[in-house]
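Listed here are the chains, written in short residue letters.
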Protein chains: 2
Amino acid sequence: MAIDALRGTRACVFDAYGTLFDVHGAVRRHRSALGDDPGAVSALWRQKQLEYTWLRTLMGAHADFWTLTCDALDVALERYGFAGDGELRARLLEAYRELDAYPEVTATLETVRARGRATAILSNGAPAMLRDAVAAADIGPLLDHVLSIEEVGLYKPRPEVYALACSRLDLLPEAICFLSANSWDAHGAAHHGLRVVWVNRFDQPVDRLPGEPVATIRSLDELPPLLDDDRGPSRGASGRPPPS
Amino acid sequence: MAIDALRGTRACVFDAYGTLFDVHGAVRRHRSALGDDPGAVSALWRQKQLEYTWLRTLMGAHADFWTLTCDALDVALERYGFAGDGELRARLLEAYRELDAYPEVTATLETVRARGRATAILSNGAPAMLRDAVAAADIGPLLDHVLSIEEVGLYKPRPEVYALACSRLDLLPEAICFLSANSWDAHGAAHHGLRVVWVNRFDQPVDRLPGEPVATIRSLDELPPLLDDDRGPSRGASGRPPPS
């Protein structure tokens with residue numbers, strides 16, 4: 001059932017890694033080369049990748065997401081005893097450029113558009129990474145904008161990142177429905193005023209952080225029923241209804 | 001053997017949680033109430049506590065370290081099925097106020113002073129937490145300064161935190177020997193120009209972050225041999241040697 005908090009939103013903006021694309025797909029493709037616990041390698045790769053985004057932004061020492069993805073993989077490979085395997089490293093990084101999209105992504109984007117919303121990605125990913133991922137998933141024609149934090153040189157959840165989506169889409173924060181599977185990203189966007197749906201894919205407990213999502217779903221196919229049909233001509237570009 | 005990079009340092013500044021105090025001591029004291037894997041509860045408590053410091057600083061939504069310690073514990077208890085146990089929660093939090101100091105801490109502080117250095121804590125901890133921890137470990141008389149990030153309202157590794165130590169000790173960054181068992185804190189301080197010794201207590205791989213520690217040790221009792229004896233009257237307050 002459509003929920004009031006998303007009524008009047010004009011765009012659905014999606015986080016990419018973890019939300020549209022399965023970040024554990026790279027390790028999964030090469031799991032036979034990664035010993036007893038490939039899942040632990042993938043988890044540490046992801047954890048370090050995120051930590052490096054936060055820490056470098058706090059330190060004032062930005063580097064792009066591809067650099068951090070490589071750095072994080074190096075730590076994870078070292079931790080689990082694969083430090084010297086340059087070929088494995090290269091194959092994992094190659095796979096990271098073409099991660100699997102979650103199975104419901106294409107249909108979700110189509111339905112969101114049919115509900116009268118613009119579609120966008122707002123991601124930590126470097127522009128070239130996002131181009132590769134979008135092309136591999138064949139969803140380019142379904143996206144109106146693909147936005148990278150490289151435009152501001154700061155990582156999520158800095159407010160400048162969410163402000164970038166507002167300015168590039170020319171929408172007020174409350175006219176954007178933002179979707180992320182990353183709890184901290186969901187809170188960051190909600191704290192900035194966006195209407196957030198948290199995609200809790202792995203049944204995680206709610207993080208104790210500022211910013212309140214308006215809804216929680218388990219996968220993106222639960223999104224379209226939450227959206228009213230907004231194809232009418234009666235709204236201004238700001239997402240505000242016209243004066244009555 | 002004394003190392004050149006620490007020659008001329010006038011103070012040893014210590015991180016508190018993880019470096020002087022064993023953050024896993026609270027769960028250890030109550031491990032029998034925490035099911036099959038108390039270590040996992042403690043690890044998640046610590047992980048969330050740190051993440052909340054980084055994320056709240058990035059979001060511009062500061063809250064003090066005691067609030068975040070409680071928030072992080074709530075997530076960890078929920079994740080492992082102890083959400084409703086208010087008494088357990090209270091006992092764990094009480095134990096966190098009086099964490100065990102690592103066994104070599106007192107002797108290290110004494111020796112550092114005997115080497116002519118001032119001693120200080122620079123911690124994320126709220127002032128009242130630090131007072132309790134220092135009192136429980138009985139190390140107050142061995143510390144010249146106990147500095148909390150609450151003075152700047154931003155968490156490590158923001159540069160303002162390391163600058164606070166410099167200004168309060170009236171020393172240039174290169175006149176401070178900074179010790180942390182938290183790799184990211186070690187990198188943050190080194191990136192700010194402090195001379196950093198990373199206390200790699202758990203044999204972790206080196207993080208791929210800016211800032212280079214000048215030495216790595218496994219526990220604090222390896223620190224004193226790295227320091228030259230600096231009790232002579234020949235140095236100015238800045239830590240620079242006098243003009244020859």
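All values derive from a computational prediction rather than experimental measurement. (Residues numbered from 1 in each chain as written. Chains lettered and ligands numbered in written order. Predicted model: local features only at pLDDT ≥ 70, side-chain atom pairs only at ≥ 80, totals over all residues. Heavy atoms only, no water.)

Per the stated rule, a full pass over the model turns up 15 aromatic pairs over all chains. Between Y17(A) and Y96(A) the ring centres are 5.7 Å apart and the planes differ by 20 degrees, which places this aromatic pair in the stacked class. In this pair, Y17(A) is assigned in the loop between β1 (11–14) and α1 (25–29) and Y96(A) in helix α4 (residues 86–96), connecting sequence segments 79 residues apart. You'll find Y17(A) and Y96(A) in the same group, each marked buried. Between W54(A) and W54(B), the aromatic rings sit 6.1 Å apart at their centres with planes inclined by 40 degrees, giving tilted as the arrangement. One end of the pair, W54(A), is in helix α2 (residues 38–59); the other, W54(B), is in helix α2 (residues 38–59), on a second chain. Looking at W54(B), the relative accessible area reads 1%, which means it is buried. Taken together, Y17(A), F21(A), W45(A), F65(A), Y96(A) and Y155(A) form an aromatic cluster joined through their ring pairs. Just above the ring of Y102(A) sits the side chain of R201(A); from NZ or CZ to the centre is 3.5 Å. Taking NZ or CZ as reference, R97(B) lies 4.4 Å from the ring centre of W66(B), over its face. (Phe/Tyr/Trp six-rings, centres within 6.5 Å; stacked < 30°, edge-to-face > 60°. Helix = DSSP H or I, 4+ residues; strand = E, 2+ residues; numbered from the N terminus. Buried < 20%, exposed > 50% of the residue type's maximum accessible area, 1.4 Å probe, protein only. Lys NZ or Arg CZ within 6 Å of the ring centre and 35° of its normal.)

Our next topic: the pattern of salt bridges. Scanning the entire structure with this criterion turns up 34 salt bridges over all chains. Between D207(B) and K48(A) there is a salt bridge; the shortest N-O distance is 2.9 Å. Residue D207(B) is found in the loop between β5 (195–199) and β6 (215–217), and its partner K48(A) is found in helix α2; the two belong to separate chains. A single burial state applies to D207(B) and to K48(A), both of which are buried. Taking the shortest distance from any N to any O, the salt bridge between K156(A) and D185(A) comes out at 3.0 Å. Taken together, the residues span a long stretch of sequence, with K156(A) in the loop between β3 (145–148) and α7 (159–169) and D185(A) in helix α8 (residues 183–191) at a distance of 29 residues. Just as K156(A) is buried, D185(A) falls in that class too. Put simply, D15(A), K156(A) and D185(A) are held in one network by salt bridges that share partners. (Salt bridge = Lys/Arg side-chain N within 4 Å of Asp/Glu carboxyl O.)

Here we take up the environment of D207(A). Under the relative-accessibility criterion, D207(A) is labelled buried at 7%. Residues D207(A) and H187(A), spaced 20 residues apart in sequence, show a C-alpha to C-alpha distance of 8.3 Å. With sequence-adjacent residues up to four places away left out, D207(A) is seen in contact with S183(A), W184(A), H187(A), K48(B), Y52(B) and V75(B). (Contact = heavy atoms within 4.5 Å.)

Both copies of the chain are related by a screw-like operation: a rotation about an axis and a shift along it. Of the two same-sequence chains, chain A is brought onto chain B (RMSD 0.0 Å, axial shift 0.0 Å) by a rotation of 180 degrees. Viewed as a symmetry operation, the transformation between the two copies matches a two-fold axis. Both copies share a contact surface, since 97% of the interface residues of chain A are interface residues in chain B too. (Least-squares fit on C-alpha atoms with pLDDT ≥ 70 in both.)

Further remarks concern the domain arrangement of chain A. Buried accessible area, meaning the area lost when the parts come together, often serves as the stated size of an interface. All names here are of chain A. Per the domain assignment, the segments making up chain A are domain 1 (11–21 + 100–226) and domain 2 (25–96). On a C-alpha basis, the centres of domain 1 and domain 2 stand 23 Å from each other. Residue-level contacts link 16 residues of domain 1 with 15 residues of domain 2. Interface area, domain 1 with domain 2, both sides summed: about 1,300 Å², of which 61% is carbon and sulfur. (Domains from an automatic or database assignment. Buried area = accessible area lost by both parts, 1.4 Å probe.)

Our focus in this paragraph is the interface of chain A and chain B. Taken together, the contacts link 31 residues of chain A with 30 residues of chain B. Summing the contributions of chain A and of chain B, the shared interface buries around 2,900 Å²; its carbon and sulfur component is 67%. For chain A, the biggest contributors to the area lost against chain B are L58(A), M59(A) and R208(A); these three give 28% of the whole. Our count for the chain A to chain B interface comes out at 4 salt bridges. Linking chain A with chain B are 10 residue pairs in polar contact (both at pLDDT 80 or more). Those elements that place two or more of their residues in the side of chain A that touches chain B are α2, α3 (65–79) and α8 of chain A. With 10 residues, the single largest contributor to the side of chain A that touches chain B is α2(A). Tallied by class, residues from the side of chain A that touches chain B come to 14 nonpolar, 6 polar and 11 charged. (Polar contact = N/O pair within 3.5 Å; in protein donor to acceptor, adjacent residues only side chain to side chain. Nonpolar A, V, L, I, M, F, W, Y, C, P; charged D, E, K, R; others polar.)

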